[in-house]
Amino acid sequence: MPNQNIPHPPTIAIVGVTGLVGAQAMQILAERHHPSARIHCFGSPRSVGNHINYQGTQLPIKPLDQLATDAIKCSIDYALLCADAPTAVNARDLLSHTQTTIIDNSSAFRLDPDVPLVIPEINAHLLALCPRVVANPNCSTIMLLAALAPIRQAIGIASIQLTTYQAVSGAGKAALAELRDQTQAYLDGQAIPPSVFPTPCAFNVFEHESPIDPATGFNGEETKIIQESRRICNDPNLQIFPTCVRVPVERAHTQSIVIELDAPTTVAQLCSLLDRPGIKLSDSLTPRDAANQNDIHIGRIRIDPASNHRRAALWICADQIRKGAALNAIQIMDALQSDKASRAQTSQAVV
């Protein structure tokens, strides 16, 4: 549902509209009945000239170099960037002389100290500064920190250990097609060599394909989680130790998390803290349960009695395309738009 505090729907540009995240953003906007006249679609050269069916209206896909012109001509309020980092940088440069606010899903600006890195459930207050660019964290970072935020706020977390089990769709449409093709070939007694991943993904589990830093031993995905978590939590010394792997799942990531707490706790206390909007507690959950859902699903909450009840384990699943990317970006837009509406009301009251 749309934010009820927003009196008028904003005009939005979706950059990368044919990708998984861009298509998901369009689906969420359609669920909210966002008017088609306030949506502008941009894509890669191979998709320019095609159309997106949005609530029965055919929206044209325009080239990226038209973004700035449309931003001014059509008074585009927000540009949701659902493409890669180079495209995001290009779009930022194109929009530098406009009033459009950028919400970027790529890694381009996540560690830029001048760009807020936002999970609305945790640090939406950063949006009150009216930033021109806002960065969306990595999907694994979003589901991890959004799940742990109530616990961290109430009890305190000394350290985090986690293993991620990441769906192949996190690597895009081509990776999803590779899993399906390889699965069918395997069942037919054939083999298709990998092209997206370094090893076959069907009926297989392997370390995340991002490059390993020889200095630290962490791959790129693990490094993102460490750096982004420390930045979002405003704690450069946060102890966090991730291991990231791919599994032959189409959609929704899973994480096995072990946290060291600042004080003893109980399962009942943790369940009480986690009983809030955006989180769904469950005794049994899988990526299929979380796919196409807004909530972060949490289960298998356990306390290690040998730790003086200060070590807890959780199992979480979340749709990394929806909550881990598109929805988080739209929630950022909602918060920005609400702040804008509140400032306008305050200004009118003063006058």
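Colleague: Help me understand the pairing of strand β2 (residues 39-43) in this model?
Modeller: If a strand is regular, its side chains alternate between the two faces of the sheet. Judged by how many residues are buried, β2 sits mostly within the fold: five of five residues are covered. Side chains I39, C41 and G43 project from β2 onto one buried face, and the interleaved H40 and F42 project onto a second face that is buried too. In this structure, strand β1 (residues 12-15) lies alongside β2, joined through four bridges in parallel fashion. Residue pairing across strands places A13 opposite H40, the latter belonging to β2. Of the crossover connections in this fold, the one passing from β1 over helix α1 (residues 20-31) to the parallel β2 is right-handed. In this structure, β2 lies alongside strand β4 (residues 57-63), joined through three bridges in parallel fashion. Bridge pairing links C41 to I61 in β4.

Colleague: Hey, could you run me through the pairing of strand β8 (residues 157-166) in this one?
Modeller: As defined by bridge partners, β8 adjoins strand β11 (residues 253-261) across eight bridges and the pair is classed as antiparallel. For L162, the partnering residue across the bridge sits in β11 and is I257. As defined by bridge partners, β8 adjoins strand β10 (residues 239-246) across eight bridges and the pair is classed as parallel. By the bridge assignment for β10, Q161 is matched with F241.

Colleague: Can you help me understand the confidence of the model for the chain in this one?
Modeller: Keep in mind that low pLDDT regions are not for reading the predicted coordinates in detail. Averaged over every residue, the pLDDT of the chain is 94; residues scoring 70 or more account for 96%. Across residues 1-6, where pLDDT falls below 50, the model places 10 contacts with residues more than four positions away in sequence or in other chains.

Colleague: Sorry, what's going on with the pattern of salt bridges here?
Modeller: Working definition: two side chains of opposite charge can pair if their charged atoms are close together. According to the stated counting rule, one finds 12 salt bridges in the structure shown. Here R322 ties to E31 by a salt bridge, and the two come within 2.6 Å at their closest N and O atoms. You can see R322 sitting in helix α10 (residues 322-350) and its partner E31 sitting in helix α1, a full 291 residues away along the chain. Look at R322 and you get buried, because its relative accessible area is 5%. By relative accessible area, which is 38% here, E31 ends up partly exposed. The salt bridge partner of K62 is D70, with a shortest N-O separation of 2.5 Å.

Colleague: What am I meant to see in the packing of helix α5 (residues 139-154) against helix α7 (residues 220-232) here?
Modeller: Helix packing geometry: the angle between the two helix axes and the distance between the axes. Between α5 and α7, the shortest axis-to-axis distance is 9 Å and the interhelical angle comes to 45°. Relative to α7, α5 is oriented oblique. Here the hand of the crossing between α5 and α7 comes out right-handed. For the pair α5 and α7, contact is made by S140, T141, L144 and L145 and by E221, K224, I225, E228, S229 and I232, respectively. Looking at side-chain class alone, the contact of α5 with α7 contains four nonpolar, three polar and three charged residues.

Colleague: Is there a simple way to explain the layout of surface pockets in this structure?
Modeller: Any space left empty among the atoms is revealed by the rolling of a water-sized probe across them. By volume, the largest pocket is sized at about 1200 Å³. Secondary-structure elements contributing two or more residues to the lining of the largest pocket are α1, β2, α3 (85-94), α7 and α10. A breakdown of the residues in the lining of the largest pocket according to their chemical character gives 16 nonpolar, 23 polar and eight charged. By volume, the second largest pocket is sized at about 270 Å³.

Colleague: For this particular structure, what's the right way to read the packing of α5 against helix α8 (residues 267-274)?
Modeller: Where α5 meets α8, the closest approach of the two axes is 9 Å, and the angle between their N-to-C directions is 115°. As α5 packs across α8, the resulting crossing turns out to be right-handed. Residues A147, P150, I151 and A154 of α5 lie in contact with α8, whose contacting residues are L270, L273 and L274.

Colleague: Please clarify how the side chain of S169 should be interpreted in this entry.
Modeller: The residue S169 is located in the loop between β8 and α6 (173-187) in this model. With relative accessibility at 5%, the residue S169 sits in the buried group. Leave out the neighbours within four places in its chain, and S169 touches L20, L176, E250, R251, Q320 and I321.

Colleague: Would you mind showing me how to read the environment of Q269 here?
Modeller: When you line up the elements, Q269 lands in helix α8. Along the primary structure Q269 and I151 are separated by 118 residues, whereas in three dimensions their C-alpha atoms are 9.3 Å apart. Apart from residues lying up to four places away in sequence, Q269 is in contact with I155 and P264.

Colleague: What is the right way to look at the side chain of N328 in this model?
Modeller: In this structure, N328 sits in helix α10. For N328, a relative accessible area of 0% gives the class buried. Side-chain polar atoms of N328 contact the side chain of N136, separated by 2.5 Å. Beyond its immediate stretch of four places on either side in the chain, N328 contacts V118, I119, P120, E121, N136, P137, I142, R322 and K323.

Colleague: I'm lost on the sheet that holds strand β3 (residues 51-54) in this one. Help?
Modeller: Read from one edge to the other, the open sheet built from seven strands follows the order β3-β4-β2-β1-β5-β6-β7, with strand pairing classed as mixed. Of all strands in the sheet, those bounded by a partner on one side alone are β3 and β7 (133-135). If you compare each strand with its neighbour and ignore which way they point, the axes differ by 25° on average. Taken strand by strand, α1 contacts β1, β2, β3 and β4, and its axis lies near 150° from that of β1. Across the sheet, α3 touches β1, β5 (78-81), β6 (101-104) and β7, and the angle it forms with β6 is around 175°.

Criteria and thresholds
Residues numbered from 1 in each chain as written. Predicted model: local features only at pLDDT ≥ 70, side-chain atom pairs only at ≥ 80, totals over all residues. Heavy atoms only, no water. Buried < 20%, exposed > 50% of the residue type's maximum accessible area, 1.4 Å probe, protein only. Helix = DSSP H or I, 4+ residues; strand = E, 2+ residues; numbered from the N terminus. Pairing = 2+ DSSP bridges. Right-handed = clockwise from strand over helix to strand, strands pointing away. pLDDT = per-residue confidence, 0-100. Contact = heavy atoms within 4.5 Å. Salt bridge = Lys/Arg side-chain N within 4 Å of Asp/Glu carboxyl O. Axes fitted to C-alpha atoms, helices over the stretch in contact; angles between N-to-C directions. Parallel < 35°, antiparallel > 145°, perpendicular 65-115°, else oblique. Left-handed = near helix turned anticlockwise from the far one by under 90°. Nonpolar A, V, L, I, M, F, W, Y, C, P; charged D, E, K, R; others polar. 1 Å grid on protein atoms, 1.4 Å probe; cavity = no way out; pocket = protein on both sides within 12 Å on 5 of 7 lines; lining within 4 Å. Points joined across faces, edges and corners; volume = space filled by probe spheres on them. Polar contact = N/O pair within 3.5 Å; in protein donor to acceptor, adjacent residues only side chain to side chain.

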